[in-house]
Amino acid sequence: MKYYIDVMYKLNKENIMCILFDIISLALGLVIGVIFLAEANLMMKDRESDDKLLNKEQFVIYEPDNGAGKIQSDELFEIKDGTKEIQEILVENRLSDYVLKYNNTFCMDVAVISVSDNFGAYIKPEAIKGKMVGQTNEILIGEDIEKQYNIHLGDIVEIDIYTFSVCGIVQAAKYKNAVICLHSGLDGVQYADCVYYLKTSEEGRKVFDNELKKRGYADDVNYVKVRELGQEVFKLKRGGGDYICYSPEEASYKEDEYFKSGWKPSILIAMVSLCYALLNIMNVELFFAMKQKKFIAVMQALGALKWKMVLSKVFYSLFISFFSSILAVSLTWGLQKTEFRYLVNMDIDARLIVAVIVFSQIAYALFCYILYDRIYRKSVVNILLDG
């Protein structure tokens, strides 16, 4: 080990600027990749959070197509009360025309959701800091909204002509950028962009399917097999008159597909950004390798083996890539603390740091090995003649 470090030092002691340039170039190339990996890492942590804080495994999900009728509260109560197999029917309704307002400031990019009065059955108690919404003048806000707009428990917020008191902070990732109020707290609003959650048996599903068709809300109910469709499942929702039904297992598979769709482009972009960084420093490495030819020839004439010389450069590459990775992660972490985090949601943790360091070291070490193996392959005489 001491031999390799000594050789690496002798080869590069006069090229400090080259080393600094390599570190910065590789780091800047890695930053874009780290940003996208950090975004995918946040998706993974959000998935784990939702699995822990939401009762997803208890509910069947019904999503109406855009052209399907949306069954409203009164008829939902009728169906539930008339069917002993259905224990709960919950509704989540997105209100795209409503905007949250706090301290005379409009909170942009906040999803406003109205829910049925019994929606607390879907959210576990530990997902709420404060209490679950229970009154028509109360509202839940997502934890990201709390941080971004500095809203606290008990504060007063506005939605359209309505005024609400913040009763709780939702810590489940699914609602981190949303506010949740009771549907009964809004006058005359109908379910339109909505999802239905049913806690029921298979027999109860059949009853609900029949009610949807009998009452004219759905032409048919399609039970989705996500494992067969893969990412084609995201193209299912059309302007037809059908309802799409996901069992808890299929809903979980759909989330897996969504998660994978986020990871694939992130990994691709990380690879492209690393290759860009390697291309940036390749010419510099070649230039300094040419300058070191006579030193290399002398070392070989004195008995230094080619593979030892190459390995000394591999050690050099490990040094460069390690500090480049730390610099790239530090730059991304700094961006995460600025307003940039509202443009790109991301998260840096120990797993991501280790992954970036290992990946960059392997890639750069391989690059340096191939480059210097080709240079050191020549004999001492040829090196001196070329010099």
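To start, this report covers the structure provided alongside it.

About the criteria used
Residues numbered from 1 in each chain as written. Predicted model: local features only at pLDDT ≥ 70, side-chain atom pairs only at ≥ 80, totals over all residues. Heavy atoms only, no water. Helix = DSSP H or I, 4+ residues; strand = E, 2+ residues; numbered from the N terminus. Buried < 20%, exposed > 50% of the residue type's maximum accessible area, 1.4 Å probe, protein only. Contact = heavy atoms within 4.5 Å. Areas by Shrake-Rupley, 256 points an atom, 1.4 Å probe, with all protein chains shown as cover. Patch = residues over 30% accessible without salt bridge, like charges linked within 9 Å, V, L, I, M, F, W, Y side chains within 5 Å. Salt bridge = Lys/Arg side-chain N within 4 Å of Asp/Glu carboxyl O. Phe/Tyr/Trp six-rings, centres within 6.5 Å; stacked < 30°, edge-to-face > 60°. Polar contact = N/O pair within 3.5 Å; in protein donor to acceptor, adjacent residues only side chain to side chain. Core = buried A, V, L, I, M, F, W, Y, C linked by side-chain atoms within 4.5 Å. Pairing = 2+ DSSP bridges. Expected span 1.5 Å × (residues − 1). Arc of directions from axis to C-beta. Lys, Arg positive; Asp, Glu negative; His and termini not counted.

Some thoughts on the overall build of the protein chain
Phase 1: A count of helical and extended segments in the protein chain gives 11 helices and 13 strands.
Phase 2: Counting over 387 residues, the protein chain shows a buried share of 49%.
Phase 3: Counting contacts in the protein chain only where the partners sit at least 6 residues apart, residues at least 24 apart contribute 80% of the total.
Phase 4: Accessible surface for the protein chain amounts to roughly 19700 Å². Of this, 58% is attributable to carbon and sulfur atoms.

Here we look at a nonpolar patch on the surface
Phase 1: A surface patch of nonpolar side chains, amounting to about 650 Å² of accessible area, comprises I16, M17, L20, I24, L28, L327 and L331.
Phase 2: If one sorts the elements of the nonpolar patch by residue count, helix α2 (residues 16-53) sits on top with 5 residues.
Phase 3: Inspection of the secondary structure puts I24 in helix α2.
Phase 4: With a relative accessible area of 45%, I24 lands in the partly exposed category.

Some points on the packing of aromatic side chains
Phase 1: Inspection of every chain in the model, using the stated rule, returns 11 aromatic pairs.
Phase 2: Relative to F323, the ring of F322 has its centre 5.3 Å away and its plane inclined at 85 degrees; by these criteria the two rings are edge-to-face.
Phase 3: Classification of F323 as partly exposed rests on a relative accessible area of 40%.
Phase 4: Grouped by ring-pair contacts, the aromatic residues F59, F119, Y122, Y175 and Y197 constitute a single cluster.

Here's the deal with the side chain of S321
Phase 1: Mapped onto the elements, S321 comes out in helix α9 (residues 306-336).
Phase 2: Among the polar contacts listed, one links the side chain of S321 to the backbone oxygen of L318, at a separation of 3.2 Å.
Phase 3: Ignoring any residue separated from it by four or fewer positions in sequence, one finds S321 in contact with L26, S360, Q361 and Y364.

Points about the environment of V157
Phase 1: Examined against the element boundaries, V157 turns out to sit in strand β8 (residues 156-159).
Phase 2: The exposure class assigned to V157 is buried, which follows from its relative accessible area of 0%.
Phase 3: Each C-alpha atom, one on V157 and one on N103, is 7.6 Å from the other, the two residues being 54 residues apart in sequence.
Phase 4: For V157, the residues in contact, after removing those within four places along its chain, are L100, K101, Y102, I139, I151, Y162, T163, F164 and V166.

Remarks on the nonpolar core
General note: in soluble globular proteins, nonpolar side chains tend to be found buried as a group.
Phase 1: In this structure, F119, Y122, I123, Y175, Y197 and Y246 are the most contacted members of the largest nonpolar core, which totals 30 residues.
Phase 2: Within the residue set of this core, elements represented by two or more residues are β5 (111-115), β9 (162-170), β10 (178-182), β11 (193-200) and β13 (243-246).
Phase 3: If sequence neighbours within four positions are ignored, Y175 has contacts with L54, E92, I113, F119, Y122, I123, G142, V170, I180 and Y197.

Observations concerning the environment of Q231
Phase 1: Examined against the element boundaries, Q231 turns out to sit in the loop between α6 (226-229) and β13.
Phase 2: What makes Q231 partly exposed here is its relative accessible area of 30%.
Phase 3: Apart from the residues within four sequence positions on either side, Q231 is in contact with E257, K260, S261 and K264.

Describing the environment of E63
Phase 1: Mapped onto the secondary structure, E63 falls in strand β1 (residues 60-64).
Phase 2: With a relative accessible area of 16%, E63 lands in the buried category.
Phase 3: Residue contacts for E63: discarding those within four places in its chain leaves V195, K237, D242, Y243, I244, Y246 and K254.
Phase 4: At 3.5 Å, the side chain of E63 forms a polar contact with the side chain of K254.

Here we look at the pairing of β9
Within a regular strand, side chains alternate between the sheet's two faces.
Phase 1: Burial runs high along β9: 7 of the 9 residues are buried.
Phase 2: Relative to β9, strand β6 (residues 128-130) runs antiparallel, the two being bridged by 3 bridges. The partner of I128 across the bridge, within β9, is V170.
Phase 3: Note that β8 and β9 share 4 bridges and pair antiparallel. Bridge pairing in β9 links E158 to T163.
Phase 4: The turn joining β8 and β9, which pair antiparallel and follow one another in sequence, is formed by 2 residues; a positive phi near 60 degrees is taken by D160.

What about helix α5 (residues 202-214)?
Phase 1: Over its 13 residues, α5 runs 18 Å from end to end, which matches the ideal 18 Å to within 8%, given 1.5 Å per residue.
Phase 2: Along α5, the positions that sit buried rather than exposed are G204, R205, F208, D209, E211 and L212. Mapping the buried residues of α5 onto a view down its axis gives an arc of 165 degrees, with all of them on the same face. Facing away from the buried side of α5, by more than 90 degrees, are the exposed residues E202 and K214.
Phase 3: Elements in contact with the buried residues of α5: β1, α3 (73-81), β2 (86-94), β11, β12 (221-223) and β13.
Phase 4: Following α5 by one or two positions, G216 has its phi on the positive side, about 85 degrees.

Regarding the pairing of β8
Phase 1: What you see with β8 is a clean split: V157 and I159 sit on the buried side and I156 and E158 on the side with no burial.
Phase 2: In this sheet, β8 lies alongside strand β3 (residues 100-102) in antiparallel orientation, the contact comprising 2 bridges. Its bridge partner lying in β8, L100 is registered against I159.

Thoughts on the side chain of D155
Phase 1: Among the structural elements, D155 can be located in the loop between α4 (143-149) and β8.
Phase 2: Among buried charged residues, D155 stands out as having no salt bridge; its nearest opposite-charge side chain is K129, 11 Å away.
Phase 3: Engagement of the side chain of D155 in a polar contact is seen with the backbone nitrogen of H152, the distance being 2.8 Å.

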